[in-house]
Amino acid sequence: MVTWQLTFDSNDPARMARFWASLLGYVPEPPPSGFDSWLAYYQSVVPEENLSGNPDDYIDRLVDPRGEGPKIWFQPVPEKKAVKTRFHFDIYVADRTASMDEIVATVDAKVAELVDLGATIAHVNRVDTETLQRYAVMMRDQEGNEFCVG
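Only a predicted model underlies this, so the values are computations on that prediction, with no experimental measurement involved. Per chain, residue numbering runs from 1 following the sequence as it is written. Totals for whole chains, interfaces and linings use all residues, but because this is a predicted model, local features are given only for residues with pLDDT of at least 70 and pairs of side-chain atoms are given and counted only at 80 or more. In computing side-chain values, all of the structure's heavy atoms are included and hydrogens and water are not.

Among the structural elements, Glu146 can be located in strand S8 (residues 146-149). Here the side chain of Glu146 touches Lys81 through a polar contact of 3.4 Å, side chain to side chain. Note on contacts: a residue pair qualifies if any of its non-hydrogen atoms lie within 4.5 Å across the two residues. Setting aside chain neighbours within four positions, we find Glu146 in contact with Lys81, Lys84, Thr85, His88, Phe89, Met138, Met139 and Arg140. Here a strand is any run of E in DSSP of at least two residues, a helix any run of H or I of at least four, and the numbering for each starts at the N terminus. Between N or O atoms, a polar contact is any pair within 3.5 Å; within protein, one atom must be a potential hydrogen donor and the other a potential acceptor, and residues adjacent in sequence are included only when both atoms are from side chains.

What follows is the structure, encoded as structure tokens:
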């Protein structure tokens, strides 16, 4: 059996963790056994001069509260995102068998929530033919990582 986690490079891991927790319905991962916080854990493994004293800055790991999805870690890196992401999330919020009007309303409501959280809209993809019905909005999180809401 293989286990895995999804790791994002990030300039502000705590901010990214809050955003993606809200989007995915995830929660912060509890610190390792024997530690009161992730800051306390990091203080045990990272030189003190590399750390700030704010424990909220170290809420950088998420878990699916249902135990179904992968763990997510927002790894601190100094460089900013430079090119288009080679993969992205497709976040399904609408019933794909609903009418196009219902799909658009559901997706647009979620997009509005995400914009309020700091995401931006990259473009809208709408196909409405007799054989194919699709509506999705390509978005970017606060650090430019792409994801689709559909």
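The pLDDT value expresses, per residue, how confident the predictor is, ranging between 0 and 100. Summing up the model confidence of the chain, the mean pLDDT is 91 and the portion of residues at 70 or higher is 99%. Of all secondary-structure elements in the chain, the lowest mean pLDDT belongs to helix H2 (residues 38-45), at 89, while strand S2 (residues 27-28) reaches the highest, 98.

Aromatic rings from Phe, Tyr and Trp, with only the six-membered ring used for Trp, were paired whenever their centres fell within 6.5 Å, and each pair was classed as stacked if the ring planes differed by under 30 degrees, edge-to-face if by over 60, and tilted otherwise. For the coordinates displayed, the defined rule picks out twelve aromatic pairs. Geometrically, the ring pair formed by Trp20 and Phe147 is edge-to-face, given 5.2 Å between the ring centres and 65 degrees between the ring planes. Here Phe147 lies in strand S8 and Trp20 lies in helix H1 (residues 13-24), a separation of 127 residues in the sequence. Note on accessibility: Trp20 and Phe147 belong to one class, buried. With centroids separated by 5.5 Å and ring planes inclined at 90 degrees, the aromatic side chains of Phe35 and Tyr41 adopt a geometry described as edge-to-face. Think of it in three bands: with a 1.4 Å probe and only protein chains considered, a residue is buried below 20% of the maximum accessible area for its type, exposed above 50%, and partly exposed in between. Take Phe35: its relative accessible area is 28%, and that puts it in the partly exposed class. According to the relative accessible area criterion, Tyr41 is partly exposed, its value standing at 25%.

Strand pairing is defined by DSSP finding a minimum of two bridges between the two strands. Strand order in the open sheet formed by four strands is S1-S4-S3-S2, with mixed pairing between adjacent strands. With partners counted over all chains shown, the strands left at the sheet margins are strand S1 (5-10) and S2, one partner each. To obtain each axis, a line is fitted to C-alpha atoms, and for helices this fit is confined to the stretch in contact; angles are then taken between N-to-C directions over 0 to 180 degrees. Against the sheet, H1 makes contact with S1, strand S3 (61-63) and strand S4 (71-76), and its axis sits at roughly 155 degrees relative to S4, the strand it touches most.

Our focus in this paragraph is the nonpolar core. Trp20, Leu62, Phe74, Val107, Leu114, Met139 and Phe147 are the most contacted members of the largest nonpolar core, which has 27 residues in total. Mapped onto this core, the elements with two or more residues apiece are S1, H1, S4, helix H3 (100-116), strand S7 (133-140) and S8. Ignoring sequence-local partners within four residues, the contact set of Val107 consists of Val93, Ala94, Tyr135, Val137, Val149 and Gly150. Buried Ala, Val, Leu, Ile, Met, Phe, Trp, Tyr and Cys residues form a nonpolar core when they are joined through side-chain atoms within 4.5 Å. Of all hydrophobic cores here, the second largest spans six residues; its members include Trp38, Leu39, Leu51 and Tyr58.

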